[in-house]
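# Coordinate inspection notes
So the chains spell out like this:
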Amino acid sequence: MSGTEFDTSVAHQARMYDYLLGGKDNYAADRAAIDAQLEIYPGLAFAALANRAFLGRAVRYLTAEAGMRQFLDIGTGIPTAGNTHQVAQEIAPQTRVVYVDYDPVVLAHARALLVSHEAGATDYIDADLRDTGRILAEAGELLDFSEPAAVTLVAILHAIPDSDDPYGIVARLMDAVPSGSYLAISHMGTGLIDRDTRRGLEAHSGRMMQQRLTARSREQVARFFDGMDLVPPGVVRVEEWRREPGADGGGGSALWGAVGRKR
Amino acid sequence: MVGFGDYRVEMALLCVWQYAFGCLVPARGRGVPVLGLEAVVTTVEPDGEQPFSGLDDAPVEATVLRMMLGGQLRRLREAAGITPDQAGFEIRASRSKISRLETGRVGLKSRDVKDLLALYGVTDERLLAKFLSLVRQSNTPDWWTKYSDILPGWFEAYLGFESAASTIRSFEIQFVPGLFQTEDYARAVTRLGRKAAPAGEIEERVRLRLSRQALHTRPAPPRIWSVMDEAVLRRGVGGAAVMRAQLQHLIESAAMPHVTLQVVPFSRGGHAAESGSFTVLRFEENDLPDVVYLEQLTGAIYLDQRPDVEQYLEVVDQVSGEALTPDATTDFIEQVASET
């Protein structure tokens, strides 16, 4: 196993997200971290739901409109309703999905629940996003990288500090897939919440979480899509990305969301 | 004293009502931060309708209702500043009886509930009537009551939790989980501890165990996720023929969509199960806590305090991560069967 140690005494983003989404697969440290973050930023609960909804809309778009039948979903999180393969396979049952995460609790749930009993093929890789070589090698066992694929990096790149070269990571992933492939990103943003709140969240993550969070500006998020065409409406708040008519959009989440197509 | 102007009390009760009455509560009742009791009562009793007519549409699992009413009793007791000992004294019962009542492990008696509500300062007639109606509703006989002569109370509580759970996770180090046992295997296991028991009693116990397996074929079965130590597959309960059939049955069970089976092979040592076998029961309802069930020879321990539960969740998450994947597990069981 290459993943992090099994340590539930320090908060982990995947389990914190589970708590925010109303799940019960989280531990005291995760809830304490969320409760502290909610003090700093009460909009966090909305942001989590908006992010999950963005994932759903993006995967639906990628499957139904962009015709993607292969997904590499990095930063899976603890399985809940509306996982990528469920959304995609409802539209196209033959869709193949490879999940990647590095939290041992996610590993336990994903191996048991995401991999089995599905019509289309799914697989799970226990790896850190930084380890792109291994991710691509193992994902290549299920996915055919001579055909277009969708890479989803939902609420994960802000856990990669600049010193770990997030742009290099994304470039290596997208270099491995052919023209016509897609990239979907959501990312904690600067310019979406006030500076003190954002700095409070970043400082808090350094103290209480296994991940250190780095918010990035709209331009910085757009740079992940260099050499790609952004799908309209471009880089917007996650809840505004192809919002469905009548959907509740009025939360003001702190997350940028975008989908782009490789030329 | 708790008045029924107390908003927390109303909201907590509202949860119970909403559950019990399901779709009868119109959407406008939700999302309103403070809702007076009058509004609740009116919404659930439209003119001319029987108060409980909605229950046929949305059957309430008696155990879930007991847990919710028990949780509500606890909240009312705490709000009134009354200790479990004081509450126990009021109804001529022990502190632990109060704990069992509040966690839904025993049935609620109308008289006890009436006395407790009076002690907690609940005086509103309509509210009392509602609460007591729900108490009666929670006492509908369960399917296993016909086995009551062989069924210790502590196991009866388990059956309630098992049939109400939305997810059943277990880690087994000795025996095949009861929900996956064949009749012959169940008989062999039952005989182990009861050499002197009359044949009729053994058969009764076997029938009870097999009746529990009706869970698998009900309309919305719970997710059952069992992790077994390799020893479970290797221990020759009932002889080789019984074991081979049992292993085959496990392979077939693993193919059911709501079932996930995983084995921790001997080769993956150091698994986290110093704890022994245990089961974690999870309920769909947001405010119902997970319950950990630990069976012993003459009784059982139920844990529902989150810090305790988390230690077991951590173990079961860890052994699941160390275990073979479900697909590899099926291959592994086939291999063991061929060697049995």
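The rules behind the values
Residues numbered from 1 in each chain as written. Chains lettered and ligands numbered in written order. Predicted model: local features only at pLDDT ≥ 70, side-chain atom pairs only at ≥ 80, totals over all residues. Heavy atoms only, no water. Helix = DSSP H or I, 4+ residues; strand = E, 2+ residues; numbered from the N terminus. Rg over C-alpha atoms; globule rule 2.2 N^0.38 Å. Buried < 20%, exposed > 50% of the residue type's maximum accessible area, 1.4 Å probe, protein only. Contact = heavy atoms within 4.5 Å. Areas by Shrake-Rupley, 256 points an atom, 1.4 Å probe, with all protein chains shown as cover. Lys, Arg positive; Asp, Glu negative; His and termini not counted. Charge placed at Lys NZ, Arg CZ, Asp CG, Glu CD. Pairing = 2+ DSSP bridges. Axes fitted to C-alpha atoms, helices over the stretch in contact; angles between N-to-C directions. pLDDT = per-residue confidence, 0-100. Salt bridge = Lys/Arg side-chain N within 4 Å of Asp/Glu carboxyl O. Buried area = accessible area lost by both parts, 1.4 Å probe. Polar contact = N/O pair within 3.5 Å; in protein donor to acceptor, adjacent residues only side chain to side chain. Core = buried A, V, L, I, M, F, W, Y, C linked by side-chain atoms within 4.5 Å. Expected span 1.5 Å × (residues − 1). Right-handed = clockwise from strand over helix to strand, strands pointing away.

## Points about the overall build of chain A
On a plain count of helices and strands, chain A comes out with nine helices and eight strands. For 263 residues, the compact-globule formula gives about 18 Å, and the C-alpha radius of gyration of chain A, at 17 Å, lands near that figure. By principal-axis analysis of the C-alpha atoms, chain A measures approximately 45 × 40 × 40 Å. Looking at chain A residue by residue over its 263 residues, the buried ones come to 60%. Of all intrachain contacts in chain A linking residues separated by at least 6 positions in sequence, the fraction that spans at least 24 positions is 74%. Of the accessible surface of chain A, which amounts to about 10,000 Å², a share of 48% is contributed by carbon and sulfur atoms. Counting 26 positive and 35 negative side-chain charges, chain A places the centres of these two groups 4 Å from one another.

## What about the sheet that holds strand E5 (residues 291–295) of chain B?
The mixed open sheet is built from six strands, whose spatial order is E3-E2-E1-E4-E5-E6 (chain B). At either margin of the open sheet sits one strand with a lone partner, and together these are strand E3 (259–264) and strand E6 (300–303) of chain B. With strand direction ignored, the average angle separating the axes of adjacent strands in the sheet is 15°. In the sheet, strand E4 (residues 278–282) of chain B pairs with E5(B) via three bridges, with the strands oriented antiparallel. In the sheet register, Val280(B) faces E5(B), and the bridge partner there is Val292(B). Sheet strands touched by helix H5 (residues 104–114) of chain A: strand E1 (167–172), strand E2 (223–229) and E3 of chain B. Its angle to E2(B), the strand with the most contacts, is close to 110°.

## Looking at the side chain of Gln37(A)
Along the chain, the position of Gln37(A) falls in helix H2 (residues 28–40). Ignoring any residue separated from it by four or fewer positions in sequence, one finds Gln37(A) in contact with Met16(A), Leu44(A), Leu201(A), His204(A) and Met209(A).

## Topic: the confidence of the model for chain B
All names here are of chain B. Averaged over chain B, the pLDDT score is 79; the fraction of residues at 70 or greater is 81%. Within chain B, no element has a lower average pLDDT than helix H2 (residues 37–44), which sits at 27, and none a higher one than helix H12 (residues 240–254), at 97. This model gives residues 1–59 a pLDDT under 50, and the stretch forms 83 contacts once residues within four places in sequence are excluded. Among the scores for the predicted complex, ipTM is 0.81 and pTM is 0.78.

## Let's talk about the pattern of salt bridges
The final tally for this structure, using the stated rule, is 29 salt bridges over all chains. For Asp25(A), the salt bridge is made with Arg282(B), and the minimal N-O distance between the two is 3.0 Å. With Asp25(A) in the loop between helix H1 (13–20) and H2 and Arg282(B) in strand E4, this residue pair bridges two chains. Take Asp25(A) and Arg282(B): they sit in the same class, and that class is buried. Notably, a salt bridge pairs Asp290(B) with Arg306(B), separated by 3.3 Å at the nearest N-O pair. Taken together, the positions of Asp290(B) in the loop between E4 and E5 and Arg306(B) in helix H13 (residues 306–322) put the pair 16 residues apart, joining distant regions of the chain. A relative accessible area of 24% places Arg306(B) in the partly exposed class. Overlapping salt bridges bring together Asp25(A), Arg31(A), Arg282(B), Asp290(B), Arg306(B) and Glu310(B) as one network.

## Focus on the interface of chain A and chain B
Each partner contributes to the interface: chain A provides 18 residues, whereas chain B provides 30 residues. Counting each side, the surface lost to burial between chain A and chain B is near 1,900 Å², with a carbon and sulfur contribution of 50%. Across the contact surface, chain A and chain B share 15 residue pairs in polar contact (both at pLDDT 80 or more). Of all the secondary-structure elements, those providing two or more residues to the side of chain A that touches chain B are H2 and H5 of chain A.

## Here's the deal with the nonpolar core
Judged by nonpolar contacts, the single largest core of 69 residues is most densely connected at Leu62(A), Tyr182(A), Val259(A) and Phe278(B). If near-sequence neighbours (up to four positions away) are discounted, Phe278(B) is found in contact with Arg169(B), Ser170(B), Phe171(B), Val292(B), Tyr293(B), Leu294(B), Tyr312(B), Val315(B) and Val316(B). In terms of nonpolar packing, the next biggest core, distinct from the first, is built from 48 residues, Ile150(B), Val189(B), Leu208(B) and Val232(B) among them.

## Brief notes about the environment of Phe155(B)
Residues and elements named next belong to chain B. If you trace the backbone, Phe-155 turns up in helix H8 (residues 153–164). Overall, the relative accessible area of 12% leaves Phe-155 in the buried class. Here Phe-155 is in contact with Leu-208, Arg-212, Tyr-293 and Glu-295, once residues within four sequence places are set aside.

## What about H8(B)?
Residue and element names in this part refer to chain B. In a regular helix each residue adds 1.5 Å, so twelve residues correspond to 16 Å; H8 covers 17 Å between its end C-alpha atoms and thus fits that length. Most of H8 sits out of view: nine of its twelve residues are buried. Contacts made by the buried residues of H8 are with helix H3 (62–79), E1, helix H10 (199–212), E4, E5 and E6.

## As for unusual backbone geometry
All names here are of chain A. With an omega of 10°, the peptide bond between Pro-232 and Pro-233 qualifies as cis. Mapping Pro-233 onto the fold places it in the loop between strand E6 (228–230) and strand E7 (236–237). Within the chain, Asp-165 stands out as a residue other than glycine whose phi angle is a positive 55°. Residue classification places Asp-165 among the partly exposed residues on the basis of a relative accessible area of 38%. Here the phi dihedral of Arg-242 falls at roughly 45°; this positive angle occurs in a residue that is not glycine. Of note, Arg-242 is situated in the loop between E7 and strand E8 (255–262).

## Some thoughts on the pairing of strand E5 (residues 182–188) of chain A
Each regular strand displays side chains that alternate between the two surfaces of the sheet. Residue and element names in this part refer to chain A. Of all seven residues in E5, seven are buried, a share of seventy percent or more. Here E5 shows a buried face lined by Tyr-182, Ala-184, Ser-186 and Met-188 and a second buried face lined by Leu-183, Ile-185 and His-187. In this view, the connection linking strand E4 (residues 150–154) to its parallel neighbour E5 by way of helix H7 (residues 166–175) has right-handed handedness. In this sheet, E8 lies alongside E5 in antiparallel orientation, the contact comprising seven bridges. Pairing of Leu-183 across the sheet is with Gly-260, part of E8.

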